[in-house]
Amino acid sequence: MDQDTVGFERTARHDGAVSTATRGPRARFRAMEEGTAEDWAVIAREHVAFSAELPERVLAHLAQLAGSAGGFPVDRLTHCLQTAALAEADGRSDEYVLCALLHDMGDLLAPDNHGALAAAVLRPYVDEELHWMVAHHTVFQGYYYFHFLGGDREARKRYEGHPAFELTAEFCERYDQRAFDPDRPTPPLEHFAPLVRELLARPRRPMGG
Ligand SMILES: [Fe+2]
Ligand SMILES: [Fe+2]
């Protein structure tokens, strides 16, 4: 397959305007209905390379939580690190610790819906109950503060009977709500980097699954 076949040269002139574009080969279609097997072979190869970089993108995004406290006693990165460190010290599984580390990663982009964002990132890599736990931790964590803000601290009761109810309540009680201590020694993000790189390299579900 030569460069012209995959559109390499034709797209190069746009690189200045689309700063996030990669310089790799491109498919040729203008609409997906024009797509060919050759196009999709190009995209499939690029997808493998792009997916391999996911752990680094996640780690870079977590690092952006440093310094953002929003009035809390510790910044958002420290909170995530303490949540993960508490879970790790308690002997939780690697998947659980990964969920603890990433549970608030959506704070910057979806502050009022951040559980759903983190759960979407984690879904291919963790079991269904852990995915549910991350998605719903926001309501369960409300047990500790909704009543101070005019809400119902028992809002989580609407999920009573769900198979992951106790798992999620326990996550908030033992780790999430305890991870705001400015005096607690906290491991750096690098401590968890090997775990992030290992688990985000092996999806448990196929695309769309
Ligand atoms: Fe949260
Ligand atoms: Fe949290």
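A. Spotlight on the packing of helix H4 (residues 76–89) against helix H9 (residues 189–199). Viewed as axis vectors pointing N to C, H4 and H9 meet at an angle of 65°, and their least axial separation amounts to 11 Å. Relative to H9, the element H4 is oriented roughly perpendicular. Taken as a pair, H4 and H9 cross one another with a handedness that is left-handed. Residues Leu 81, Ala 84, Ala 85 and Glu 88 of H4 lie in contact with H9, whose contacting residues are Leu 189, His 191 and Phe 192. The residue makeup of the contact of H4 with H9, split by class, is five nonpolar, one polar and one charged.

B. Broad picture of the coordination of the iron ion (ligand 2). Bound to the iron ion (ligand 2) are the protein donor atoms His 79 (NE2), His 103 (NE2), Asp 104 (OD) and Asp 176 (OD), situated 2.1 to 2.2 Å from the metal. Sequence positions of the donors to the iron ion (ligand 2) reduce to the motif H-x23-H-D-x71-D. Between the iron ion (ligand 2) and the iron ion (ligand 1) the interatomic distance comes to 3.6 Å, and Asp 104 is a ligand of both metals. For the pair His 103 and Asp 104, one class covers both residues: buried.

C. Representation of the side chain of Asp 104. Within the secondary structure, Asp 104 is located in the loop between helix H5 (94–102) and helix H6 (114–122). Here Asp 104 occupies a buried position and makes no salt bridge, while the nearest side chain of opposite charge, Arg 76, is found at 6.8 Å. Polar contacts involving the side chain of Asp 104 include one to the side chain of His 79, which spans 3.1 Å. In this structure the side chain of Asp 104 is engaged in a polar contact, spanning 2.9 Å, whose partner is the side chain of His 103. Excluding residues that lie within four positions of it along the chain, Asp 104 makes contacts with Leu 65, His 79, Cys 80, His 114, His 137 and Asp 176.

D. Local environment of the pattern of salt bridges. Inspection of the entire model under this criterion finds seven salt bridges. When the shortest N-O distance is used, the salt bridge between Glu 56 and Arg 197 registers 2.6 Å. Separated by 141 residues along the polypeptide, Glu 56 in helix H3 (residues 54–63) and Arg 197 in helix H9 bring together distant segments of the chain. With its nearest N and O atoms 3.0 Å apart, the salt bridge here joins Arg 202 to Glu 198. Judged by relative accessible area, which is 46%, Arg 202 ranks as partly exposed.

E. Structural context of the coordination of the iron ion (ligand 1). Each protein donor to the iron ion (ligand 1) is listed here as Asp 104 (OD), His 114 (NE2) and His 137 (NE2); together their distances run 2.1 to 2.2 Å. Positions of the donor residues of the iron ion (ligand 1) along the chain correspond to the pattern D-x9-H-x22-H.

F. Highlighting the packing of H5 against helix H7 (residues 128–141). Where H5 meets H7, the closest approach of the two axes is 10 Å, and the angle between their N-to-C directions is 15°. Considering the angle they form, H5 stands roughly parallel to H7. When the axes of H5 and H7 are compared, the crossing they make is right-handed. Residues Glu 95, Tyr 96 and Cys 99 of H5 lie in contact with H7, whose contacting residues are Leu 130, Met 133 and Val 134. Looking at the contact of H5 with H7 residue by residue, the classes come out as five nonpolar, no polar and one charged.

G. How the structure looks around H6. Residues His 114, Gly 115, Ala 118, Ala 119 and Leu 122 constitute the buried set of H6. Each buried residue of H6 sits inside an arc of 135° when the element is viewed along its axis, so together they form one side. In this fold, the buried residues of H6 make contact with H5 and H7.

H. Looking closely at the layout of surface pockets. Put simply, the largest pocket is a space of about 560 Å³. For the lining of the largest pocket, the elements supplying multiple residues, two or more each, are H4 and H7. In terms of residues, the lining of the largest pocket owes the most to one element, H7, which gives four residues. Looking at the lining of the largest pocket, its residues break down into 10 nonpolar, five polar and six charged.

Quick notes on the rules
- Residues numbered from 1 in each chain as written.
- Chains lettered and ligands numbered in written order.
- Predicted model: local features only at pLDDT ≥ 70, side-chain atom pairs only at ≥ 80, totals over all residues.
- Heavy atoms only, no water.
- Axes fitted to C-alpha atoms, helices over the stretch in contact; angles between N-to-C directions.
- Helix = DSSP H or I, 4+ residues; strand = E, 2+ residues; numbered from the N terminus.
- Parallel < 35°, antiparallel > 145°, perpendicular 65-115°, else oblique.
- Left-handed = near helix turned anticlockwise from the far one by under 90°.
- Contact = heavy atoms within 4.5 Å.
- Nonpolar A, V, L, I, M, F, W, Y, C, P; charged D, E, K, R; others polar.
- Donors = N, O, S within 2.8 Å, 3.2 Å for Na, K, Ca; no water.
- Buried < 20%, exposed > 50% of the residue type's maximum accessible area, 1.4 Å probe, protein only.
- Lys, Arg positive; Asp, Glu negative; His and termini not counted.
- Salt bridge = Lys/Arg side-chain N within 4 Å of Asp/Glu carboxyl O.
- Polar contact = N/O pair within 3.5 Å; in protein donor to acceptor, adjacent residues only side chain to side chain.
- Arc of directions from axis to C-beta.
- 1 Å grid on protein atoms, 1.4 Å probe; cavity = no way out; pocket = protein on both sides within 12 Å on 5 of 7 lines; lining within 4 Å.
- Points joined across faces, edges and corners; volume = space filled by probe spheres on them.

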